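# Coordinates in review
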Amino acid sequence: MNRWNETWNNKNRSIIILFMILSVITPFVPAVLGILLIAILLYMIKDIPLHKCNYYLFIGVVISGFLGPYLALPAFPSFFLFRILIILHMVLFLFEKKDFKKLEPVKIPLILFIVWILYSIFSLLWTGSASLSLPAIYYQIESFYLVFAFVYYMDSFAKLKQILTWILIVYVLTIFIGLWEALTGNHLIYSAGNILSYGDTRPTGLLVNTNDYSSYLAFYVPALFLALFHKKTFFKTLIGIGALGVLVFLIFETESRSGLLAFSIVVILMLYKMVKQKIIFFFGLVMGSLVGAIILIAKHGEQLTTYFTGKVNSTDQRMFMYETIYRLCKEHYFLGVGIGVTPKYVFTALYGTSNIPVDMQQTMSAHNLWLSNLSDVGVIGFFPFVVLFFWLVAHALKLYVTSKHLLATIPICILVAFFAISIGSSSIFEMRVVWLGMGLALTIICLLEKNLELGGTT
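Just so we're clear, the structure is a prediction, and the values are computed from it rather than from any experiment.

Conventions and cut-offs
- Residues numbered from 1 in each chain as written.
- Predicted model: local features only at pLDDT ≥ 70, side-chain atom pairs only at ≥ 80, totals over all residues.
- Heavy atoms only, no water.
- Helix = DSSP H or I, 4+ residues; strand = E, 2+ residues; numbered from the N terminus.
- Buried < 20%, exposed > 50% of the residue type's maximum accessible area, 1.4 Å probe, protein only.
- Contact = heavy atoms within 4.5 Å.
- Areas by Shrake-Rupley, 256 points an atom, 1.4 Å probe, with all protein chains shown as cover.
- Salt bridge = Lys/Arg side-chain N within 4 Å of Asp/Glu carboxyl O.
- 1 Å grid on protein atoms, 1.4 Å probe; cavity = no way out; pocket = protein on both sides within 12 Å on 5 of 7 lines; lining within 4 Å.
- Points joined across faces, edges and corners; volume = space filled by probe spheres on them.
- Nonpolar A, V, L, I, M, F, W, Y, C, P; charged D, E, K, R; others polar.
- Patch = residues over 30% accessible without salt bridge, like charges linked within 9 Å, V, L, I, M, F, W, Y side chains within 5 Å.
- pLDDT = per-residue confidence, 0-100.
- Axes fitted to C-alpha atoms, helices over the stretch in contact; angles between N-to-C directions.
- Parallel < 35°, antiparallel > 145°, perpendicular 65-115°, else oblique.
- Phe/Tyr/Trp six-rings, centres within 6.5 Å; stacked < 30°, edge-to-face > 60°.
- Lys NZ or Arg CZ within 6 Å of the ring centre and 35° of its normal.
- Left-handed = near helix turned anticlockwise from the far one by under 90°.
- Polar contact = N/O pair within 3.5 Å; in protein donor to acceptor, adjacent residues only side chain to side chain.

Let us now look at the overall build of the protein. Helix and strand counts for the protein stand at 17 helices and 2 strands. The burial tally for the protein puts 46% of its 458 residues in the buried class. Sequence-distant contacts in the protein: of pairs separated by 6 or more residues, those separated by 24 or more amount to 73%. Looking at the protein as shown, the accessible area adds up to about 23900 Å², and 71% of this sits on carbon and sulfur atoms.

Take a look at the structure:
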């Protein structure tokens, strides 16, 4: 009994000393609190199998990936929960018993993604700026891990349904935030509308700018359609029509042409899948939409024309950037200037090198992933990425045509949205919502193709 009391007293003494040390350190290094919370969490789950811990931890990675800096310490906005969780997940994955056989249907795109990263690392040998290349490579690795982990852990339709539920919760929250922005003119703290004090009501949701937000809405609207129309009821149909109206309003409010185009194509693909057995109804829906569009143009033609043609300066600037990048490719014999370095050349072409404010960022995104990637890593490094995209398109189209399930529509819709955001947004390297969407698309392809191989019906 005395030995037990002695041991207990020693433990209490150790805990008291630990808290005294933490009370001294924490005011100077607040990040210690995050480390402490992780240590407590690890202690609490130490008896749970590692693969199960990693599964639930990945759900946390996904949710925190969508919320980004809004789950950060106020004094350290770049030190947000996603960064902690993904690194922790990577470390724990190393100790987990692996089962790579379940990735067999999608091994080709994953290998192509790895080849793209390896060549980017190889480009460090001739890069014009290692300080730009190293962060770009990190974002590539992070993007790959999100796609890989999505496919690896969402290995059943039940798990897919669970993660889709969480994605939809955040998606609906983001819609309400966008409505609040559009109606009040207020913006969240990390929105460009707040940072740059935009004098308008263009919504950005949980993202930074309007192009990102419009593409994000197009990315995940298929998941909303799936939830509402997988099993149709009158009540769900009414909610779906209302939600579609709200989303159209928000897309127009963003004034993003690429986002509007992507959203329109995605909605058409989803509607056709839902009513293709009723081709007359679909034809009537399309004709009715055309008549409505003609009336809208007749009444508000000048306003709509301004929507598409009123960004002359923006369009001219982008064309100039594209011409600059093409010249850059030729000057370097299409071998690349080094991963992540193209924005430096674009900035110089736009602003020169003289009389630049010290606090001004010395890079300018090319607003085109494809041209920027070609300029960064040249034709050789660009090739695996292009093949990867075409592999995804081919398999997504095949599922869309052959499968009757509404779930089979999501991959091709996400790829449409991906293409739009790749030429509409400033940069998608660090956009977690994009690569989580690509992971979702690849996961659905993997599950549906395995289901077909096993003789299942979709």
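So much for the structure itself; the text now carries on.
Where charged atoms from two side chains of opposite charge approach closely, those side chains can pair. Overall, the coordinates contain 4 salt bridges when judged by the stated rule. One salt bridge in this structure joins Glu142 and Arg83, with 2.5 Å as the shortest N-O distance. Of this pair, Glu142 sits in helix α6 (residues 130-153) while Arg83 sits in helix α4 (residues 81-94), placing them 59 residues apart in sequence. No difference in accessibility class separates Glu142 from Arg83, as the two residues are buried. For Asp155, the salt bridge goes to Lys102, with nearest N and O atoms at 3.0 Å. One end of the pair, Asp155, is in the loop between α6 and α7 (157-184); the other, Lys102, is in the loop between α4 and α5 (107-122), and 53 residues separate them in sequence. Judged by relative accessible area, Asp155 falls into the partly exposed class, the value being 25%.

The next point concerns empty space enclosed by the protein. With the rule as written, the count across this model stands at 2 cavities of 30 Å³ or more. The space that makes up the largest cavity amounts to roughly 130 Å³. The wall of the largest cavity is formed by Pro109, Leu110, Phe113, Val147, Phe385, Leu388, Phe389, Leu392, Phe418, Trp435, Met438 and Leu442. Counting residues per element, the ones that place at least two in the lining of the largest cavity are α5, α15 (369-402) and α17 (432-453). Looking at the lining of the largest cavity residue by residue, the classes come out as 12 nonpolar, no polar and no charged. Within this model, the second largest cavity holds a volume of roughly 30 Å³. Every residue along the wall of the second largest cavity is listed here: Phe66, Val170, Thr174, Leu206, Leu207, Tyr216 and Val433.

A cluster of nonpolar side chains, Ile114, Leu118, Ile121, Leu124 and Leu134, forms an exposed patch at the surface whose accessible area comes to about 410 Å². Residue contributions to the nonpolar patch peak at 3 residues, all from α5. The residue Leu124 is located in the loop between α5 and α6 in this model. Judged by relative accessible area, which is 31%, Leu124 ranks as partly exposed.

Turning our eyes to something else, we now look at the confidence of the model for the protein. Taken over all residues, the pLDDT of the protein has a mean of 80, while the share at 70 or more is 74%. No element of the protein has a lower mean pLDDT than helix α12 (residues 279-309), which averages 52, and none a higher one than α5, which averages 95.

Bringing the packing of α5 against α6 into the picture now. Angle between the axes and distance between the axes are the two parameters that describe a pair of packed helices. At a closest axis distance of 10 Å, the pairing of α5 and α6 adopts a crossing angle of 170°. Taken together, the axes of α5 and α6 lie roughly antiparallel to each other. Residue-level inspection shows Leu110, Phe113, Ile114, Trp116, Ile117, Ser120 and Ile121 of α5 in contact with α6, the latter providing Ile137, Gln140, Ile141, Ser143, Phe144, Val147 and Phe148. Residues of the contact of α5 with α6, tallied by class, amount to 11 nonpolar, 3 polar and no charged.

One pass over the structure, following the stated rule, counts 37 aromatic pairs. Ring centres 5.4 Å apart and planes at 90° place the aromatic pair Phe93 and Tyr152 in the edge-to-face group. Taken together, the positions of Phe93 in helix α4 and Tyr152 in helix α6 put the pair 59 residues apart, joining distant regions of the chain. Summarising the burial analysis for this pair, Phe93 and Tyr152 share the class buried. Pairing Tyr171 with Tyr216 gives two aromatic rings, centres 5.6 Å apart and planes at 50°, and the pair type is tilted. You can see Tyr171 sitting in helix α7 and its partner Tyr216 sitting in helix α9 (residues 210-229), a full 45 residues away along the chain. Here Tyr171 falls in the buried class, since its relative accessible area comes to 0%. The class for Tyr216 is buried, based on a relative accessible area of 4%. The ring of Tyr152 has Lys102 sitting right over it, with the charged end atom 4.0 Å from the ring centre. The lysine or arginine in question, Arg432, covers the ring of Phe82, its NZ or CZ lying 5.3 Å from the ring centre.

On to the packing of α7 against α9. Direction vectors running N to C along α7 and α9 enclose 130°, while the axes themselves pass 10 Å from each other. By the angle between their directions, the pair α7 and α9 is classed as oblique. Helix-helix and strand crossings are classified by hand; for α7 and α9 the assignment is left-handed. For the pair α7 and α9, contact is made by Leu164, Ile167, Leu168, Val170, Tyr171, Thr174, Ile175 and Gly178 and by Tyr213, Tyr216, Leu217, Tyr220, Val221, Ala223, Leu224, Leu226 and Ala227, respectively.

For Tyr333, which is not glycine, the phi torsion reads 55° and is therefore positive. A positive phi angle is found at Phe334, which is not glycine, with a value near 55°. Relative to the assigned elements, Phe334 resides in the loop between α13 (312-331) and α14 (342-351). A relative accessible area of 27% means that Phe334 is categorised as partly exposed.

Right, let's get into the side chain of Ser375. With respect to the helices, strands and loops of the structure, Ser375 is situated in helix α15. Here Ser375 falls in the buried class, since its relative accessible area comes to 2%. Here the side chain of Ser375 touches Thr342 through a polar contact of 2.8 Å, side chain to side chain.

Positionally, Met270 belongs in helix α11 (residues 257-275). On the accessibility criterion, Met270 (1% relative accessible area) is buried. When the C-alpha positions of Met270 and Tyr400 are compared, they lie 9.9 Å apart, and in sequence the two are 130 residues distant. Beyond its immediate stretch of four places on either side in the chain, Met270 contacts Pro222, Phe225, Leu226, Leu406, Thr409 and Cys413.

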